[in-house]
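Chain by chain, the residues:
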Amino acid sequence: MKPESAPPDEPVESLDRLLRLPDPLPPCTRDELLGLYRQMALIRRVEELAAKAYTQRKILGFCHLYIGQESVAVGAAASTSDDYWITAYRDHGHAMAKGVSARAMMAELFGKRTGASQGQGGSMHIFDKSVRFMGGYGIVGAHVPMANGIAWAARAREEERVCVCFFGDGAANQGAFFEALCLAELYRLPVVFICENNGYAMGTPLHRQSAVTDMSLRARGVGMTREQLAGWDVQRVRQRVAAARQHALSGQGPVLLEIVTYRYRGHSMSDPAKYRPAGELEQVRERNDPLTLTRRDLQKDHGLDDAAIEAVLASVEEEADDSWAFAESSAEPDPATLYDFVYAPQTTSLAADTDLSAARPQES
Ligand SMILES: Cc1ncc(C[n+]2csc(CCOP(=O)(O)OP(=O)(O)O)c2C)c(N)n1
Ligand SMILES: [Mg+2]
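About the cut-offs
Residues numbered from 1 in each chain as written. Chains lettered and ligands numbered in written order. Predicted model: local features only at pLDDT ≥ 70, side-chain atom pairs only at ≥ 80, totals over all residues. Helix = DSSP H or I, 4+ residues; strand = E, 2+ residues; numbered from the N terminus. Rg over C-alpha atoms; globule rule 2.2 N^0.38 Å. Buried ≥ 20, exposed ≤ 12 C-beta atoms within 10 Å, placed from the backbone. Contact = placed C-beta atoms within 7 Å. Pairing = 2+ DSSP bridges. Axes fitted to C-alpha atoms, helices over the stretch in contact; angles between N-to-C directions. Parallel < 35°, antiparallel > 145°, perpendicular 65-115°, else oblique. Nonpolar A, V, L, I, M, F, W, Y, C, P; charged D, E, K, R; others polar. Left-handed = near helix turned anticlockwise from the far one by under 90°. Core = buried A, V, L, I, M, F, W, Y, C linked by C-beta atoms within 7 Å. Expected span 1.5 Å × (residues − 1). Arc of directions from axis to C-beta. Right-handed = clockwise from strand over helix to strand, strands pointing away.

(A) Local environment of the overall build of the protein. Across its full length, the protein carries 10 helices and nine strands. For 364 residues, the compact-globule estimate of 2.2 N^0.38 gives 21 Å, and the protein sits close to it at 20 Å. With respect to the three principal axes, the spread of C-alpha positions in the protein is 60 × 50 × 40 Å. Buried positions account for 48% of the 364 residues belonging to the protein. Here the contacts in the protein between residues at least 6 apart in sequence split such that 78% fall between residues at least 24 apart.

Encoded structure:
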């Protein structure tokens, strides 16, 4: 028998391999969908408060908001909650969808000791190994090869887990991205690559970065299975990420999903986003807002009334306000710990570092 890491013998028979698996999950129950709605609303509210805190200089440094894209991270989390995730600097929504609390998120943004990364990472470097959230990274495309390493380790440990790797449309034009895709397919690594195509890389629209604007086509050159889908519908994202996960775990190789979405704010807090064509944002928000669409589904398909939805939103408001108070009252990190997390502790075996439960700092 060939070792698992050996390349396939047969050449790829077709250059265009579409993800043919049907939706694997039963439709969301009422409570599941309400849970997804609440999570999206919480991410949005925490980020709205983060924007306010930023203008008050309670949050310093870079801060890239995810508002508008919530259905991608929340839909993906609904089918990969126990898998590994890695992402770029626009990471607040991913971290929270994967299980980082509003408190740990806000405290990290405020640079406090109780934050997910103990106040030493900040907005772009949220990390929580206890929920297998392997971090946000600031160098565009640089984390994509790391997804291969995580997936390789998961397979070597015989875990039934994939690595879900999120990146932007801009990152899909970066060299490390191509190299990572090439090797991931060659070694049939269990990775679900998710290109969140939000139409812009900083101020540059997609059609001015790349002659090809269907980013899922990046898969063809390496023989990878692909699919492009609209990302506004959280239930659709949940199903298609589940299908991609199933494919990747079956040993048939990784999948590249391009999920089309839109960011409502500028690239970062310092970008007024003057480059958008007039009316574009308003039109997307009107037609495709993930929260509005999910609210509509809850009312139409599950009979929820306005009062039930408003009650959920009130509890979200309370939790987000609480995260601000928690962050504000938390202590700063001890300056003596400044260099503590620059290098990982040395380990000698793959298995030595697998106790995830102890990794998380306590919120107190
Ligand atoms: C290697 C590298 N080049 C340039 C930058 C500056 N930069 C930061 S974000 C960004 C745009 C990336 O856009 P995209 O991948 O679409 O992600 P989005 O911000 O839309 O989520 C650029 C060019 C960087 N951080 N790293
Ligand atoms: Mg982008």
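Still more ground to cover, so stick around.
(B) Structural detail: the sheet that holds strand β1 (residues 17–18). The strand order across the open sheet formed by seven strands is β1-β8-β9-β5-β4-β2-β3, and the pairing between neighbours is parallel. Both outer strands of the open sheet, β1 and β3 (133–136), are each paired with one neighbouring strand and no more. One ladder, built from six bridges, connects strand β8 (residues 225–230) with strand β9 (residues 255–260); its direction is parallel. Considered in β9, the bridge of T225 is made with V255. Packed on one face of the sheet, helix α5 (residues 144–156) meets β2 (84–87), β3, β4 (163–168) and β5 (191–197) and runs near 175° to β4.

(C) Expanded view of the packing of α5 against helix α6 (residues 175–186). Direction vectors running N to C along α5 and α6 enclose 25°, while the axes themselves pass 7 Å from each other. By the criterion of interaxial angle, the relationship of α5 to α6 is roughly parallel. Across the interface between the two elements, V144, P145, A147 and N148 from α5 touch A176, F177, E179, A180, L183 and A184 from α6. In terms of residue class, the contact of α5 with α6 is built from eight nonpolar, one polar and one charged.

(D) Region of the structure containing the packing of helix α1 (residues 30–55) against helix α4 (residues 102–109). Between α1 and α4, whose axes approach to 11 Å, the crossing angle comes to 25°. Between α1 and α4, the angle is such that the two are roughly parallel. Here α1 runs over α4; the crossing is right-handed. Side by side, α1 and α4 meet where L42, V46 and A50 of the first sit next to A102, M105, M106 and L109 of the second. Residues that form the contact of α1 with α4 fall into these classes: seven nonpolar, no polar and no charged.

(E) Just the environment of C28, in detail. Its place among the elements puts C28 in the loop between β1 and α1. Residue classification places C28 among the buried positions, given that 22 C-beta atoms sit within 10 Å. When the C-alpha positions of C28 and Q235 are compared, they lie 7.3 Å apart, and in sequence the two are 207 residues distant.

(F) Molecular detail of the environment of R157. If you trace the backbone, R157 turns up in the loop between α5 and β4. Residue class for R157 comes out exposed when judged on the 11 C-beta atoms lying within 10 Å of it. With 145 residues separating them in the primary sequence, R157 and H302 have C-alpha atoms 42 Å apart.

(G) Representation of the nonpolar core within the structure. Counting 94 residues, the largest nonpolar core has M105, C163, C165, V191 and V192 as its most contacted members. In this structure, M105 is in contact with V46, H92, A95, M96, V100, A116, I126 and S323, ignoring residues within four places of it in sequence.

(H) Geometry of α5. Taking 1.5 Å of rise per residue, the 13 residues of α5 would be expected to cover 18 Å, and the 19 Å separating its terminal C-alpha atoms lies within 8% of that figure. Taken together, the buried positions of α5 are occupied by V144, A147, N148, I150, A151, W152, A154 and R155. For α5, the elements touching its buried residues are β2, β3, β4, α6 and β5. Taken from the residues just after α5, E158 is the one with a positive phi, measuring 60°.

(I) View of unusual backbone geometry. Phi is positive for Q118, which is not a glycine, with a value near 55°. Considering the arrangement of structural elements, one finds Q118 in the loop between α4 and β3.

(J) Expanded view of α6. Between its first and last C-alpha atoms α6 spans 17 Å; for 12 residues at 1.5 Å apiece the expected length is 16 Å, and the two agree. Turning to α6, its buried residues are F177, A180, L181, A184 and E185. For α6, the arc enclosing every buried residue in end-on projection is 125°, short of the 170-degree limit, so these residues lie on one face. Contacts made by the buried residues of α6 are with α5, β4, β5 and β9. In the segment just after α6, R188 is the residue with positive phi, at about 50°.

(K) A look at the pairing of β9. For β9, the buried fraction is high: six of the six residues fall into the buried class. Side-chain alternation along β9 places V255, L257 and I259 on one buried face and L256, E258 and V260 on a second face that is also buried. Relative to β9, β5 runs parallel, the two sharing six bridges. Looking across to β9, one finds that E196 is bridged to I259. Taken together, β8, helix α7 (residues 234–249) and β9 constitute a β-α-β crossover, and its handedness is right-handed.

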